[in-house]
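# Structural overview for review
Spelled out, the chains give:
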Amino acid sequence: MPQFNGWQVASAIKSICAEKGVAKTPFVLITGWDREPNEDTMAVQNGVDAIVRKPIDILKLLEIIHE
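Cut-offs applied
Residues numbered from 1 in each chain as written. Predicted model: local features only at pLDDT ≥ 70, side-chain atom pairs only at ≥ 80, totals over all residues. Heavy atoms only, no water. Salt bridge = Lys/Arg side-chain N within 4 Å of Asp/Glu carboxyl O. Helix = DSSP H or I, 4+ residues; strand = E, 2+ residues; numbered from the N terminus. Buried < 20%, exposed > 50% of the residue type's maximum accessible area, 1.4 Å probe, protein only.

## Overview of the pattern of salt bridges
All chains considered together, the criterion is met by five salt bridges. Of the charged contacts in the structure, one is a salt bridge between R35 and E39, with a shortest N-O distance of 2.7 Å. Where E39 meets R53, a salt bridge forms, and the shortest distance between an N and an O atom there is 2.7 Å. Pair noted here: E39 is in helix α2 (residues 39-46) and R53 is in strand β2 (residues 50-53), with a separation of 14 residues, a long-range link. In this structure, a network of salt bridges that share partners links the residues R35, E39, D40 and R53.

## Some thoughts on the environment of L59
As for its position among the elements, L59 is in helix α3 (residues 58-66). For L59, a relative accessible area of 65% puts it in the exposed group. For the pair L59 and E19, spaced 40 residues apart in sequence, the C-alpha separation works out to 34 Å.

The following block contains the structure:
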């Protein structure tokens, strides 16, 4: 995504839901990047519910979706 990163997309979805007064859409960030030092804080601030790393463990992804 040349104009936005995953954190920005998650934050925009969180803001739009808040503006409309609706429940936040669940958001799973799928990334090929290594874990960032402040990742947990960034996830909470931006409305990311889960982070899945590539290569994707399908069973783990299905578990997250089920939750």
